[in-house]
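Overview (structure and organization)
Each chain is listed here by its residues.
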Amino acid sequence: METTRLSTKGQAVLPKNIRASRAWVPGAEFIVEETADGILLRPARRFPRTTLDEVAQIAQAVSDSPLQALPQSNSRRGRGLFALEGEAEDAGANGCGHPAGGDAAA
């Protein structure tokens, strides 16, 4: 068991071996719970817990969606995430303005 001190700013340093064993990096967020024995730090989850049934329902809803497939990514050209309609054909075979397998000088 290791000990730590509370700083004047209310900060406590977690021992390095504990941070390393849990892969906690600077900026990691925690839920702090007060218990009868002291405090409990629990890593904060980015997404709420879900069940397999909930995921299956979402997947089914998405597959039933009338939306058509999104265009392919074209972020190399600085156009955001998706190419504009017809832009991929105008860009050359590899999508970056050069013929497939060619170089910039060709």
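The structure under discussion appears in the preceding block.
Everything numeric in this text was worked out from a predicted model, so none of it was measured.

1. Some words on the overall build of the protein chain
Counting its regular elements, the protein chain contains three helices and two strands. Along its sequence from the N terminus, the protein chain presents helices and strands in the succession α-β-β-α-α. Relative to its full complement of 106 residues, the protein chain shows a buried share of 7%. The contacts in the protein chain between residues at least 6 apart in sequence include a share of 2% that link residues at least 24 apart. Of the roughly 10000 Å² of accessible surface on the protein chain, 55% is carried by carbon and sulfur atoms.

2. A closer look at helix α2 (residues 52–63)
Owing to its 3.6 residues per turn, the α-helix aligns residues three or four sequence positions apart on the same side. With twelve residues, α2 extends 16 Å from end C-alpha to end C-alpha; this agrees with the ideal 16 Å at 1.5 Å per step. Counted residue by residue, α2 has zero buried out of twelve residues, so it is predominantly exposed.

3. Notes on a nonpolar patch on the surface
A cluster of nonpolar side chains, namely V32, I39 and L41, defines an oily patch on the protein surface of about 290 Å² accessible area. Positionally, L41 belongs in strand β2 (residues 38–43).

4. Looking at unusual backbone geometry
For A23, which is not glycine, the phi torsion reads 60° and is therefore positive. Among the secondary structure elements, A23 is positioned in the loop between α1 (16–22) and β1 (30–35). On the basis of relative accessible area, A23 is assigned to the exposed category, the value being 60%.

5. Some points on the layout of surface pockets
Unoccupied space between atoms shows up once a probe the size of one water molecule is rolled over them. The computed volume of the largest pocket comes to approximately 470 Å³. In terms of lining, the largest pocket is formed by 16 residues, of which the most central are A12, V13, L14, F30 and L41. Mapped onto the lining of the largest pocket, the elements with two or more residues apiece are β1 and β2. Considering every element that reaches the lining of the largest pocket, the biggest residue donor is β2, with three residues. Looking at the lining of the largest pocket, its residues break down into twelve nonpolar, three polar and one charged.

6. Things to note about the pairing of β1
Two strands pair when backbone bridges link them, and β1 and β2 are joined in this way by six bridges, in the antiparallel orientation. Each bridged residue has a counterpart across the sheet, and for E34 the counterpart in β2 is I39. The turn joining β1 and β2, which pair antiparallel and follow one another in sequence, is formed by two residues.

Procedures and definitions
- Residues numbered from 1 in each chain as written.
- Predicted model: local features only at pLDDT ≥ 70, side-chain atom pairs only at ≥ 80, totals over all residues.
- Heavy atoms only, no water.
- Helix = DSSP H or I, 4+ residues; strand = E, 2+ residues; numbered from the N terminus.
- Buried < 20%, exposed > 50% of the residue type's maximum accessible area, 1.4 Å probe, protein only.
- Contact = heavy atoms within 4.5 Å.
- Areas by Shrake-Rupley, 256 points an atom, 1.4 Å probe, with all protein chains shown as cover.
- Expected span 1.5 Å × (residues − 1).
- Patch = residues over 30% accessible without salt bridge, like charges linked within 9 Å, V, L, I, M, F, W, Y side chains within 5 Å.
- Salt bridge = Lys/Arg side-chain N within 4 Å of Asp/Glu carboxyl O.
- 1 Å grid on protein atoms, 1.4 Å probe; cavity = no way out; pocket = protein on both sides within 12 Å on 5 of 7 lines; lining within 4 Å.
- Points joined across faces, edges and corners; volume = space filled by probe spheres on them.
- Nonpolar A, V, L, I, M, F, W, Y, C, P; charged D, E, K, R; others polar.
- Pairing = 2+ DSSP bridges.

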